[in-house]
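Structural description and commentary
One letter stands for each residue in the lines below.
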Amino acid sequence: MNTPPSIRVACVEDDPHFQAFLRKILVPERGFNLLDIFNNAEQAVASILDSRPDVVLLDMKLPGKTGIDCLSMLECHMPATAFVMLTGDDTPQQVFAALKAGACGYVLKTAPTEHLLEAVRAAAIGGGPLSPAISRVVISAFQTKSAKVQPRIPGITHRENELLGLFVKGLSAKEAAYEMGISYETVRDYLKTIYHKLKVRSRTEAVLKYVRNQQGPALAF
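In what follows, the accompanying structure is described. Values in this document were obtained by computation on a predicted structure and should not be read as measured data. All residue numbers refer to positions counted from 1 along the written sequence of the respective chain. Restriction of local features to residues with pLDDT of at least 70 applies here, the model being predicted, together with a cutoff of 80 or more for giving and counting side-chain atom pairs; totals for whole chains, interfaces and linings are based on all residues. To get the side-chain values, take all heavy atoms of the structure and skip hydrogens and water.

Overview of the nonpolar core
- In this structure, I48, L58, M85 and Y106 are the most contacted members of the largest nonpolar core, which totals 29 residues.
- Working definition: helices are DSSP H or I runs of at least four residues, strands are E runs of at least two. Numbering for both runs from the N terminus. Elements with a minimum of two residues in this core: β1 (7-12), α2 (41-51), β3 (55-58), α3 (67-75), β4 (82-87), α4 (92-101) and β5 (105-108).
- Here this core gets five residues from one element, more than from any other, and that element is α4.
- Core analysis: the second largest hydrophobic core is formed by 23 residues, L22, V55, L57 and V120 among them. For this analysis, a nonpolar core means a set of buried residues of the types Ala, Val, Leu, Ile, Met, Phe, Trp, Tyr and Cys, connected via side-chain atoms within 4.5 Å. Relative accessible area decides the class of each residue, using a 1.4 Å probe on protein chains only: under 20% of the type maximum gives buried, over 50% gives exposed, and in between gives partly exposed.

Following this line, the structure appears as structure tokens:
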């Protein structure tokens, strides 16, 4: 059996302790090839544009330019690369700013190690990893007490709509499969169809379109 290629990862992180943690967990034995860790955005941009990693992990608060600044400088030139914010900042303004700038996921540094690794794996194959706490931030920011119905996005079936609603609540694909009484493979098939219908590349983008639809055209962030 052929071994799948390692996921090529670059990180922009200035905390030496967290740098050491990333070097410890992003190892070939777990399927990762850690290309480099950069202390700041200015140092990272040219090298990342040259190496074209599969996934870039970005801290939000960096010396000099912020993680969002770094994302903005890179994302438009690297459509095949997934950018994941890996930070301790869970304020709604920062979450939405990162997603709007092009991040496919947002994971807290306090997440369990395996959750961090799964987030990188998910991002590498087009997923949109969100820490459960961040999913709650997203949905609570958009929910209104008066919302009694959940309008369906045109073209999205009832079951696809149900799946998106579970993702908004922070469930993983496996948890959503259990909740809906279907297999994990069926959830993946639903996701592929949803991506095609909504013209998105990640679960995060799909969830954001779903949430916008619940609140109508006035929503902006």
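What about the pattern of salt bridges?
- For salt bridges, the criterion is a side-chain nitrogen of Lys or Arg within 4 Å of an Asp or Glu carboxyl oxygen. Going through the model one piece at a time under the given rule, you end up with six salt bridges.
- A salt bridge links R159 to E162; the nearest nitrogen and oxygen atoms lie 2.9 Å apart. Of this pair, R159 and E162 both sit in helix α7 (residues 158-168), three residues apart, which is roughly one turn of that helix.
- A single salt-bridge network, built from bridges that share partners, covers E13, D59 and K109.

Section: helix α9 (residues 184-198)
- If you check α9, its first and last C-alpha atoms are 21 Å apart, about what 15 residues at 1.5 Å a residue would give, namely 21 Å.
- By the burial criterion, the buried members of α9 are V187, L191, I194, Y195 and L198. One side of α9 carries all its buried residues, which in axial view fall inside an arc of 100°. Facing away from the buried surface of α9 by more than 90 degrees, the exposed residues are E185, K192 and H196. Given a helix with a known number of residues, its expected span is that number minus one, times 1.5 Å. What the arc measures is the spread of directions leading from the helix axis to the C-beta atoms.

As for the sheet that holds β4
- If you trace the five strands from one edge of the open sheet to the other, you get β2-β1-β3-β4-β5, paired in parallel fashion. This sheet does not close on itself; its edge strands, each paired only once, are β2 (32-38) and β5. Each adjacent strand pair in this sheet contributes to an overall mean axis angle of 25°, direction not counted.
- At least two DSSP bridges between two strands are required for those strands to pair. Pairing of β4 with β5, which is carried by four bridges, proceeds in the parallel orientation. Looking at the pairing, M85 lines up with Y106 of β5. A fitted line through C-alpha atoms represents every axis, and for helices the fit uses only the stretch in contact; the resulting angles, taken between N-to-C directions, go from 0 to 180 degrees.

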